[in-house]
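Report on the structure
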Amino acid sequence: MVMNQFLILAAFLFCTGVYGVLVRRNGVLVLMSVELMLNAVNLNLVAFSARLQEVSGQVFALFVITIAAAEVALALAVILATFRIRGRIDLDDAETESSPVPHTAGADER
Amino acid sequence: MVAQNVAFWIVAVAMALAAIGVVRTRNVVHAALYLVVVLAGVAAQYILLGAEFVAWVQVLIYIGAVVILFLFGIMLTRTPMGGDSEFDNNQRFPAAVAAVFLLGVLVTLLVDAFGREKIELDAGVLATGSSAAVGDAIFRQYVVPFEVVSMLLLAALVGAVVIARRD
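In this report, we go over the structure that sits alongside the text. (Residues numbered from 1 in each chain as written. Chains lettered and ligands numbered in written order. Predicted model: local features only at pLDDT ≥ 70, side-chain atom pairs only at ≥ 80, totals over all residues. Heavy atoms only, no water.)

With that settled, consider the overall build of chain B. What chain B contains, in helices and strands, is 7 helices and 0 strands. For chain B, the N- to C-terminal ordering of α and β elements is α-α-α-α-α-α-α. The C-alpha atoms of chain B give a radius of gyration of 20 Å, which is well past the 15 Å a tight globule of 167 residues would have. By its C-alpha atoms, chain B is 50 × 40 × 25 Å across when sized along the principal axes. Looking at chain B residue by residue over its 167 residues, the buried ones come to 36%. When contacts within chain B are restricted to residue pairs at least 6 apart in sequence, those whose partners lie at least 24 apart make up 61%. (Helix = DSSP H or I, 4+ residues; strand = E, 2+ residues; numbered from the N terminus. Rg over C-alpha atoms; globule rule 2.2 N^0.38 Å. Buried < 20%, exposed > 50% of the residue type's maximum accessible area, 1.4 Å probe, protein only. Contact = heavy atoms within 4.5 Å.)

Right under this line is the structure:
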């Protein structure tokens, strides 16, 4: 197996994730694209670990998996909180003074 | 070597098509399922590289927990699951150009830098990826980052509960 086939596959996954992050409007779908990018990086790390017969690459990949899981949990919590306030998650909702985002009636008032 | 190459290409093509499906589909649940295919494919590639422990952790954590989290997030935010929703902003063409350009740069760099270096699945590589070797490294060389990551997980847990609770 040529090492480059793994690295180029990882590059393709990464660029697909980049396209997803730039294009998708829904927060959950952007998170999925970020997961694509993280998996591409992990594949790179493990491929190099196999090439150089160094276990450090796989340990790094394990840490990335752990941190990615924590990140998804937190990001979804933020998305949930945003949904409760606004009634929808649309990343194109940039709320400014001149164009406020309508808040749902009966949203959680603190 | 032939069997491994055939397996690699089958899994790689499936992963590539599923990755495009994640970012292009109009059905959000289908996007989550395509993501499962990509994650499973990555686990298969780890096995092809001899990293058995990381492959199992990938299946367990990513497919077994992260995707479930995504599905819950889709459900709780009442994302339209009808199957024909418009989830893209109007930047499709510039984003595609940027992604293709980035891919071109990366592939050129990789081909130039690594040429045709090979990975042989010999005993050395398999020993490197065994659970014993990975566990040894985590609890000897990398024990401090391991403990710090445990703290981070605790902080993430508490933070997620605080942010998402309704009071």
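This brings us to the interface of chain A and chain B. If you look at the interface, chain A gives 71 residues, while chain B gives 87 residues. With both sides pooled, the region where chain A packs onto chain B buries about 7,200 Å², and carbon together with sulfur makes up 74% of that total. Secondary-structure elements contributing two or more residues to the side of chain A that touches chain B are helix H1 (3–23), helix H2 (27–52) and helix H3 (56–86) of chain A. The greatest single-element share of the side of chain A that touches chain B, amounting to 24 residues, is contributed by H3 of chain A. Residues that form the side of chain A that touches chain B fall into these classes: 49 nonpolar, 13 polar and 9 charged. (Buried area = accessible area lost by both parts, 1.4 Å probe. Nonpolar A, V, L, I, M, F, W, Y, C, P; charged D, E, K, R; others polar.)

Turning our attention to helix H3 (residues 52–76) of chain B. An ideal rise of 1.5 Å per residue puts 36 Å on 25 residues; H3 of chain B measures up with 35 Å between its terminal C-alpha atoms. The sharpest bend along H3 of chain B reaches about 25° and sits at tyrosine 62 of chain B. If you check which residues of H3 of chain B are buried, you get Val54, Ala55, Val57, Gln58, Tyr62, Val66, Val67, Phe70, Gly73 and Ile74 of chain B. Buried residues along H3 of chain B sit in contact with H2 and H3 of chain A together with helix H2 (28–48) of chain B. (Expected span 1.5 Å × (residues − 1). Bend = angle between axes of the 7 residues up to and from the residue.)

Turning our attention to a nonpolar patch on the surface. Residue and element names in this part refer to chain B. Nonpolar side chains collect at one region of the surface, where Ile68, Leu71, Phe72, Met75, Leu76 and Met81 lie side by side and expose about 530 Å² of accessible area between them. If you trace the backbone, phenylalanine 72 turns up in helix H3. Under the relative-accessibility criterion, phenylalanine 72 is labelled partly exposed at 44%. (Patch = residues over 30% accessible without salt bridge, like charges linked within 9 Å, V, L, I, M, F, W, Y side chains within 5 Å. Areas by Shrake-Rupley, 256 points an atom, 1.4 Å probe, with all protein chains shown as cover. Salt bridge = Lys/Arg side-chain N within 4 Å of Asp/Glu carboxyl O.)

None of this, on its own, says anything about what the molecule does.
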